[in-house]
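Examination of the molecular architecture
The lines below spell out each chain.
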Amino acid sequence: MLNEPVIVGVFGLIGLFLCLTLGVPIWASLAVVGFLGFGVISGFEASLGVLGIIPFSTTASFTFAVLPLFILMGYFAVQGGIAEEMYEAVAAWLGRIRGSLAMATTTACAVFGVACGSSAATAATFTKLALPEMEKYGYSHRLSCGSIAAGGTMAALIPPSGIMIVYCLFTEVSIGRMFIGGIIPGTITAILYAGMIYGLVYLFPSLAPMPKKGVPWKEKLYSVKGMGPLLFLMIVILGGIYAGIFTPIEAGGIGAFVTFLMALIRKRLSKKGMMEALRETLQSCAMILLIFIGALVFGRFITISRIPLEISYFLGSLEIEPIFILIFILLIYIILGMFLEGVAMLALTMPILFPIAVGCGFEGVWFGILTVKMIEVALVSPPFGLNVYVVQAAAPHVRLEEIFLGVLPFLFVDLVVVALIIAFPSIVLWLPSMMIH
């Protein structure tokens, strides 16, 4: 028979999902349910103590500085037109390849998503930026919108990734190791996306017509300047972290400053653009911190309710192989992706699922990369993939069924990458193991 704290915990989870169903903001849902649940189990005086201590003690930490720094770096890149020029440069070099614009779109979506930190915002932006261009050249809506919806999700896996930082803040896993661990899986995803697009348009030429003429070499060489700044920035940041030259927090500061200088030198950052970047950074950080505080309050409640412990005991008594527990955990994100963004998914699941994963012996970085990858999958999974609805809202003339059909091949690629990571953990863990500490 379940003891009283577990029963309170179960009712707390039911209350949380009820709040979310009613449209209550996730940070408020987590905080209120956590506060009330903790009060019922330990007394409301103790619950008030938790509510008074957590917001300051957990967020007044030097570690949190990494979040606004990388977000600010991203918005400077966006306002400075760096991501847009990257798109144009990739499109120019792919030139005469059938489906080149779709390949360029997935690449640029990943770059832009790393910058802005939101897959939904990336999908909305590139629906406006890249879709008209692909429509002009006769691309089918199935391929064009599918590449935008799926491309936006790549931001989560390619470092420096905002969602990776949030995962590390929840779990205390090393941010630097997470960044480095995402390099190979992110690269594999990008290559498989491009290969899948190439194979798709080869089998079904009507999806993307062959370009009538290539781009002159002079224009290709000139376009390199569009790739240079961002590639230089990523090499400096990831190379510095990998070599142990600076910490992730220092990397964020260097990245934000260098991106700011690049935008100024290129005369692409106006006073209005700089204020917009600062405003967006403040809004993003405030939203994430509110969710984080709410999740920590909820996490304290879940911990004293003993739900993670009881689940671990139950799974252990069934003598299930850890791989099946992992698959069950990963499938949870498919369901959550129907109505939640990545940060909200982590806030809701980490207090419960991370202790179970650790109890099963899963390495924190490896489990984190798998979690991030499944968040990508969830955002485009039928029937409620959030990114698909974002693209359709930004392009109402495109039918929803076309976009879902368009993302299916990308979804298949994502699941292949998930299978590879599970089968070969060294895909994630090899580079972090070589880091200089």
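Residues numbered from 1 in each chain as written. Predicted model: local features only at pLDDT ≥ 70, side-chain atom pairs only at ≥ 80, totals over all residues. Heavy atoms only, no water.

**Description of the overall build of the protein chain**
Formally: Only DSSP runs of H or I covering at least 4 residues are called helices, and only runs of E covering at least 2 are called strands; the numbering of each starts at the N terminus. Each residue is assigned to one of three classes by its accessible area relative to the maximum for its type, calculated with a 1.4 Å probe on protein chains only: buried under 20%, partly exposed between the two thresholds, exposed over 50%. Two residues form a contact once any of their heavy atoms are found within 4.5 Å. Here the open area of atoms and residues is found with the Shrake-Rupley method and a 1.4 Å probe, where only the protein chains shown may cover a residue.
Of the regular secondary structure elements, the protein chain holds 22 helices and zero strands. For the protein chain, the proportion of its 437 residues judged to be buried stands at 53%. For the protein chain, the share of sequence-separated contacts (at least 6 apart) that also reach a separation of at least 24 residues comes to 79%. As displayed, the protein chain offers around 19,200 Å² of accessible surface, 72% of which is attributable to carbon and sulfur atoms.

**Looking at the packing of aromatic side chains**
Here is the rule: In summary, the pairing rule links any two rings of Phe, Tyr or Trp, Trp by its six-membered ring, whose centres are within 6.5 Å, and it sorts them by plane angle into stacked for under 30 degrees, edge-to-face for over 60 and tilted for everything else.
Enumeration over the complete set of coordinates arrives at eight aromatic pairs. Ring centres of Phe354 and Phe367 lie 6.4 Å apart, and the angle between their planes is 50°; this geometry places the pair in the tilted category. Taken as a pair, Phe354 in helix H18 (residues 342-359) and Phe367 in helix H19 (residues 364-378) lie far apart in primary sequence, 13 residues in all. Accessibility assignment for this pair places Phe354 and Phe367 in one class, buried. Their ring planes at 75° and their centres at 5.9 Å tell us that Tyr389 and Phe404 sit as a pair that is edge-to-face. You can see Tyr389 sitting in helix H20 (residues 386-394) and its partner Phe404 sitting in helix H21 (residues 400-423), a full 15 residues away along the chain. Through a chain of ring-to-ring contacts, three or more aromatic side chains come together here, namely Tyr167, Phe354 and Phe367.

**Looking at a nonpolar patch on the surface**
This is how the line gets drawn: Exposure above 30% relative accessible area and the lack of any salt bridge qualify a residue for a patch; like charges then connect within 9 Å, and the nonpolar side chains Val, Leu, Ile, Met, Phe, Trp and Tyr within 5 Å. We count a salt bridge whenever a side-chain nitrogen from Lys or Arg sits within 4 Å of a carboxyl oxygen from Asp or Glu.
Taken together, the side chains of Phe314, Leu318, Ile320, Ile323, Phe324, Ile327 and Leu331 present a nonpolar region at the surface, about 640 Å² in accessible area. Examining the composition of the nonpolar patch, we find that four residues originate from one element, helix H17 (residues 322-336), more than from any other. Secondary-structure assignment places Phe324 in helix H17.

**Notes on the side chain of Asp414**
Tracing the backbone shows Asp414 in helix H21. Ignoring any residue separated from it by four or fewer positions in sequence, one finds Asp414 in contact with Thr189, Tyr193, Lys373, Glu376 and Val377.

**Digging into the pattern of salt bridges**
This model, assessed by the stated rule, comprises six salt bridges. The salt bridge partner of Glu363 is Arg177, with a shortest N-O separation of 3.2 Å. Pair noted here: Glu363 is in the loop between H18 and H19 and Arg177 is in helix H11 (residues 175-181), with a separation of 186 residues, a long-range link. On the basis of relative accessible area, Glu363 is assigned to the partly exposed category, the value being 30%.

**A closer look at helix H4 (residues 66-79)**
The cut-off we apply is this: A helix's residues, less one, multiplied by 1.5 Å, set its expected span.
With 14 residues, H4 extends 20 Å from end C-alpha to end C-alpha; this agrees with the ideal 20 Å at 1.5 Å per step. Buried residues dominate H4, accounting for ten of its 14 residues.

**Observations regarding the environment of Pro432**
With respect to the helices and strands, the residue Pro432 is situated in helix H22 (residues 426-433). Overall, the relative accessible area of 1% leaves Pro432 in the buried class. Sequence separation of Pro432 and Ile180 is 252 residues, and the distance between their C-alpha atoms is 5.8 Å.

**Some remarks on the packing of helix H15 (residues 271-305) against H18**
Here is the rule: Note on definitions: angles span 0 to 180 degrees between N-to-C directions of axes, and those axes are lines fitted to C-alpha atoms, for helices only across the stretch in contact. An angle below 35 degrees is read as roughly parallel, one above 145 as roughly antiparallel, one from 65 to 115 as roughly perpendicular, and any other as oblique. Helix crossings fall into two classes, left-handed where the near helix is turned counterclockwise from the far one by less than a right angle and right-handed where it is turned clockwise. Side-chain classes are defined by residue name, with Ala, Val, Leu, Ile, Met, Phe, Trp, Tyr, Cys and Pro counting as nonpolar, Asp, Glu, Lys and Arg as charged, and the others, Gly among them, as polar.
The N-to-C vectors of H15 and H18 enclose an angle of 20°; their axes lie 9 Å apart at closest approach. On the basis of the axis angle, H15 is roughly parallel to H18. The interaxial crossing formed by H15 with H18 has right-handed handedness. Seen from H15, the contacting residues are Ile288, Ile291, Ala295, Phe298, Gly299 and Ile302; seen from H18, they are Val343, Ala347, Leu348, Pro351 and Ile352. Residue composition of the contact of H15 with H18, by class: ten nonpolar, one polar and no charged.

**Some thoughts on the nonpolar core**
We apply this condition: Here, nonpolar core refers to any group of buried Ala, Val, Leu, Ile, Met, Phe, Trp, Tyr and Cys residues whose side-chain atoms link them within 4.5 Å.
In this structure, Leu143, Tyr167, Met178 and Phe367 are the most contacted members of the largest nonpolar core, which totals 136 residues. No other element matches the twelve residues that H18 contributes to this core. Setting aside residues no more than four positions away along its own chain, Leu143 makes contact with Ala102, Ile197, Leu200, Val201, Leu207 and Ala208.

**Overview of the packing of H17 against H18**
In the contact formed by H17 and H18, the axes pass within 12 Å of each other and the chain directions differ by 170°. Between H17 and H18, the crossing angle belongs to the class labelled roughly antiparallel. Where H17 approaches H18, its residues Ile325, Ile329, Ile332, Tyr333 and Leu336 are matched on the opposing element by Met345, Leu348, Thr349, Met350, Leu353 and Ile356. Here the contact of H17 with H18 is built from residues that sort into ten nonpolar, one polar and no charged.

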